[in-house]
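A look at the structure
Each chain is listed here by its residues.
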Amino acid sequence: MSTSIREEIYDDVAVLVVIGNLVAGPDVVVLHDHVKKLVGNGVIRVVVDFSAVSWFGSAMLGVLAASYSTIVTAGGGVRLIGVTAKVAQIMDVTRLSDVFETLPTLDVAMASLRGCDPVEA
């Protein structure tokens, strides 16, 4: 299965729902390309939803770090949701869990990016 990304914009936050296997080559580069397009259009707050990802290979770690760098350099922020136990384990081993904030729901992630309590969002 190839990777696809469904984008939804909520005010000033982009939600990227990643679908498929994130193993190597064009399957992983699509995420960073999408992030660069968003940043180019001034969207610098991004939630990446991995709930529809069946596998997360090592090549994706570099793309995820590059996407993070692109957004943070532009003054924005990234939050992750829908991270499976397998993906969380890979992120723990590589210490990317120290870099990325993984949150339980979209509402909590969006509130976090906006710097407010999710109850007030």
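Anything mentioned here points back to the structure above.
Just so it is clear, the structure is predicted and the values come from calculations on it, not from any experiment. (Residues numbered from 1 in each chain as written. Predicted model: local features only at pLDDT ≥ 70, side-chain atom pairs only at ≥ 80, totals over all residues. Heavy atoms only, no water.)

**Digging into the overall build of the chain**
The secondary structure content of the chain amounts to four helices and five strands. When its helices and strands are written in sequence order, the chain yields β-β-α-β-α-β-α-β-α. Put simply, 69% of the contacts in the chain that link residues at least 6 apart link residues at least 24 apart. Accessible surface for the chain amounts to roughly 6000 Å². Of this, 55% is attributable to carbon and sulfur atoms. (Helix = DSSP H or I, 4+ residues; strand = E, 2+ residues; numbered from the N terminus. Contact = heavy atoms within 4.5 Å. Areas by Shrake-Rupley, 256 points an atom, 1.4 Å probe, with all protein chains shown as cover.)

**A few points about the nonpolar core**
In this structure, Leu31, Phe50, Met60, Leu64 and Leu80 are the most contacted members of the largest nonpolar core, which totals 26 residues. Sorting the residues of this core by element identifies β2 (13–22), α1 (26–40), β3 (45–56), α2 (58–73), β4 (77–81) and α3 (85–93) as the ones contributing at least two each. Excluding anything up to four places from it in sequence, leucine 31 contacts Ile5, Leu16, Val18, Met60, Val63, Leu64 and Ser67. Counting residues in each nonpolar core, the second largest holds nine residues, with Val13, Leu103, Ala109 and Met110 among its members. (Core = buried A, V, L, I, M, F, W, Y, C linked by side-chain atoms within 4.5 Å. Buried < 20%, exposed > 50% of the residue type's maximum accessible area, 1.4 Å probe, protein only.)

**Some remarks on the pattern of salt bridges**
A full pass over the atoms with the stated rule returns seven salt bridges. Salt-bridge contacts for arginine 114 lead to aspartate 11; the nearest nitrogen and oxygen are separated by 3.7 Å. In this pair, arginine 114 sits in helix α4 (residues 106–114) while aspartate 11 sits in the loop between β1 (4–10) and β2, placing the two residues 103 residues apart along the sequence. We classify arginine 114 as partly exposed; its relative accessible area is 28%. Exposure remark for aspartate 11: the relative accessible area of 73% places this residue in the exposed category. Its salt-bridge partner being aspartate 12, residue arginine 45 comes within 2.6 Å of it at the nearest N-O pair. Linking arginine 45 in strand β3 with aspartate 12 in the loop between β1 and β2, this pair joins segments that are 33 residues apart in sequence. In this structure aspartate 12 comes out as partly exposed when scored by relative accessible area, which is 34%. A network of salt bridges, in which partner residues are shared, links Asp11, Asp12, Arg45 and Arg114. (Salt bridge = Lys/Arg side-chain N within 4 Å of Asp/Glu carboxyl O.)

**Thoughts on α4**
The set of residues buried in α4 consists of Ala109, Met110, Ala111 and Leu113. Immediately beyond the C-terminal end of α4, within one or two residues, lies glycine 115, with a positive phi of roughly 70 degrees.

**Comments concerning the pairing of β3**
Sheet topology note: the β3/β4 ladder contains five bridges and is parallel. Looking across to β4, one finds that aspartate 49 is bridged to isoleucine 81. (Pairing = 2+ DSSP bridges.)

**What to know about the side chain of arginine 79**
Relative to the elements of secondary structure, arginine 79 occurs in strand β4. Discounting residues that sit within four places of it in the chain, arginine 79 has contacts with Val46, Val47, Val48, Glu101, Leu103, Ala109, Ser112 and Leu113.

**Some details on unusual backbone geometry**
Residue aspartate 11 is not a glycine yet carries a positive backbone phi of 55 degrees. In this model, arginine 95 sits at a positive phi of 70 degrees, which is unusual for a non-glycine residue. In this structure arginine 95 comes out as exposed when scored by relative accessible area, which is 56%.

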